[in-house]
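If you want the building blocks of each chain, they are given just below.
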Amino acid sequence: MKLRPRALAGIALVAATSLGLAACGSSAPGTASGDKGTITVYNAQHESLTKEWIDEFTAETGIKVNYRQGDDTEMSNQIIQEGPASPADVFLTENSPAMTQVENAGLFADIDPATAAQVPAEYRPSTNKWVGIAARSTVFAYNKSKVSQDKLPKSLMDLEGPQWKGRWAASPSGADFQAIVSAMLQLKGEDATKAWLQALKDGAKSYKGNSTAMKAVNSGEVDGAVIYHYYWFGDQAKTGENSNNVGLEYFKNQDPGAFVSVSGGGVLKSSKNQAAAQEFLKFITGKKGQEVLQKGSSYEYAVGSGVPSNAKLVPLEQLQAPKIDPAKLNSQKVNELMTATGLL
């Protein structure tokens, strides 16, 4: 991902600050602590979800886990900046492009084949340098009072049309949205992706965060928004105050709007405790780790060990998602296109 020197410095500063504040535990990262040892996780996944994984893993194995919290881009840039000196043993993300960025820098160790075998091929990269740990589906959230089902877009690409100008929204600065654009780029090519982004810039509203975009749909500020599914399910599980007027449209038919984004986990080549780091990923993708997704409140999809997802979700096999190789998601080109269209 190309970043201006000032921007890169800013990211590094923010990341360093975030890492310092979010560090958990007292043991030095990457060093042994007691009989079972300690690992450090750079975590860009939801903090509550990763905490649950950590608690169950430590209870089962005796291995202690420190974590440092940040977002996908902060963490991937931090790891690349640290290089072989990184104290991280494991990197977890919400979306695939950050994993690919670290992989392209040559910083991941090979994944234990037994761990990779727990996750179907469509939820891990072809390179097997990291592995899928969870997934989320792209959806079009729409205001049920303002848009009838027969008037919904048939494809994500339809939002480029004049009939949707000024009526829809997204959160273009977020890693979630940029992962969706990465999939569009892989499926539709550069020209089509740039045209779609230009339509977003010229005729859609930008919000900071999927929750904010969904709230705008709920209030009728916009008719619809491109978000991930779990924001709606999470709000419904609470008060529903930001989603009661919202319906979800699943594009299906291998459309770019049916993209399923894979959350990733990888072991750093520089890890001083490779065995424990590999064991952590094996646990997350194993039955007990995936049951955390099935039974918990994250509403992300389970992808490993044959564990079904939360029963409230549309099953993964019914989403008709396009075939995407996570290893080929080009976050650098997406950044360039979004910058050229004035979205970043």
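Scroll up to find the structure.
Predicted model only: the values in this text are computed from it and were never measured.

This next bit is on the nonpolar core. Counting 101 residues, the largest nonpolar core has Phe91, Leu92, Phe140, Trp168, Trp196, Leu197 and Phe280 as its most contacted members. It is strand β4 (residues 131–143) that provides the largest number of residues to this core, a total of eight residues.

Quick look at the packing of aromatic side chains now. The tally for this structure, following the rule as stated, stands at 10 aromatic pairs. Here phenylalanine 233 and tyrosine 299 contribute two aromatic rings whose centre-to-centre distance is 6.2 Å and whose plane-to-plane angle is 25°, an arrangement assigned as stacked. Highlighted residues: phenylalanine 233 in helix α9 (residues 230–236) and tyrosine 299 in the loop between α11 (287–295) and α12 (331–340), separated in sequence by 66 residues. Taking the relative accessible area as the measure of exposure, tyrosine 299 reaches 8% and is therefore buried.

So, on to helix α10 (residues 274–285). For α10, built from 12 residues, the straight-helix expectation of 16 Å at 1.5 Å per residue is met to within 8% by its first-to-last C-alpha distance of 17 Å. If you check which residues of α10 are buried, you get Ala276, Ala277, Gln278, Phe280, Leu281, Phe283, Ile284 and Thr285.

Here β4 lies mainly inside the structure; 13 of its 13 residues are buried. Where β4 and strand β9 (residues 260–267) come together, six bridges link them in antiparallel fashion. For valine 131, the partnering residue across the bridge sits in β9 and is glycine 265. In the sheet, β4 pairs with strand β7 (residues 224–228) via five bridges, with the strands oriented antiparallel. Note on β7: the bridge partner recorded for alanine 141 is alanine 225. Here β4 pairs with strand β8 (residues 246–249) via four bridges, running antiparallel. Bridge pairing links alanine 141 to leucine 248 in β8.

Residues other than glycine seldom take positive phi values, yet glutamine 254 does so here, at roughly 55°. Position of glutamine 254 among the secondary structure elements: in the loop between β8 and β9. Despite not being glycine, serine 305 has its phi angle at roughly 60°, a positive value. In this structure, serine 305 sits in the loop between α11 and α12.

Position of threonine 341 relative to the elements: it lies in the segment after α12. The exposure class assigned to threonine 341 is buried, which follows from its relative accessible area of 4%. A distance of 3.0 Å separates a polar side-chain atom of threonine 341 from the backbone oxygen of leucine 337. Side-chain polar atoms of threonine 341 contact the backbone oxygen of methionine 338, separated by 3.2 Å.

Of the voids in this model, the second largest pocket is the one considered here, and its volume is about 410 Å³. Considering the residues around the second largest pocket, the lining is formed by 23 residues, among which Glu122, Ala321, Pro322, Lys323 and Ile324 are closest to the centre. Broken down by class, the residue content of the lining of the second largest pocket amounts to 13 nonpolar, five polar and five charged.

The rules behind the values
Starting afresh in each chain, residues are numbered from 1 along the sequence in its written order. Where local features are concerned, this predicted model is filtered to residues with pLDDT of at least 70; where side-chain atom pairs are given and counted, the filter is 80 or more; whole-chain, interface and lining totals use all residues. To get the side-chain values, all heavy atoms of the structure are used, and hydrogens and water are removed first. The term nonpolar core refers to a set of buried residues drawn from Ala, Val, Leu, Ile, Met, Phe, Trp, Tyr and Cys, joined through side-chain atoms within 4.5 Å. The rule is simple: take the accessible area with a 1.4 Å probe, protein chains only, and divide by the maximum for that residue type; under 20% is buried, over 50% is exposed, in between is partly exposed. Helical segments are the DSSP runs of H or I of at least four residues, strand segments are the runs of E of at least two, and each set is numbered from the N terminus. Two rings from Phe, Tyr or Trp (for Trp, the six-membered ring) form a pair when their centres sit within 6.5 Å of each other. Planes less than 30 degrees apart are called stacked, planes more than 60 degrees apart edge-to-face, and all others tilted. Expected helix span is computed as 1.5 Å times (number of residues minus one). A pair of strands is considered paired only if DSSP assigns at least 2 bridges between the two. We define a polar contact as two N or O atoms separated by no more than 3.5 Å, with the added condition that, inside protein, one atom must be a possible hydrogen donor and the other a possible acceptor, whereas residues neighbouring each other in sequence contribute only through side-chain atom pairs. The definitions used throughout rest on a 1 Å grid laid over the protein atoms alone, on which a cavity is an enclosed set of points accommodating a 1.4 Å probe that cannot get out and a pocket is an open set flanked by protein within 12 Å on both sides along at least five of seven lines; lining residues are those having an atom within 4 Å of a point. Grid points are joined across faces, edges and corners, and a volume is the space filled by probe spheres set on the points. Under this grouping Gly is polar, as are all residues other than the nonpolar Ala, Val, Leu, Ile, Met, Phe, Trp, Tyr, Cys and Pro and the charged Asp, Glu, Lys and Arg.

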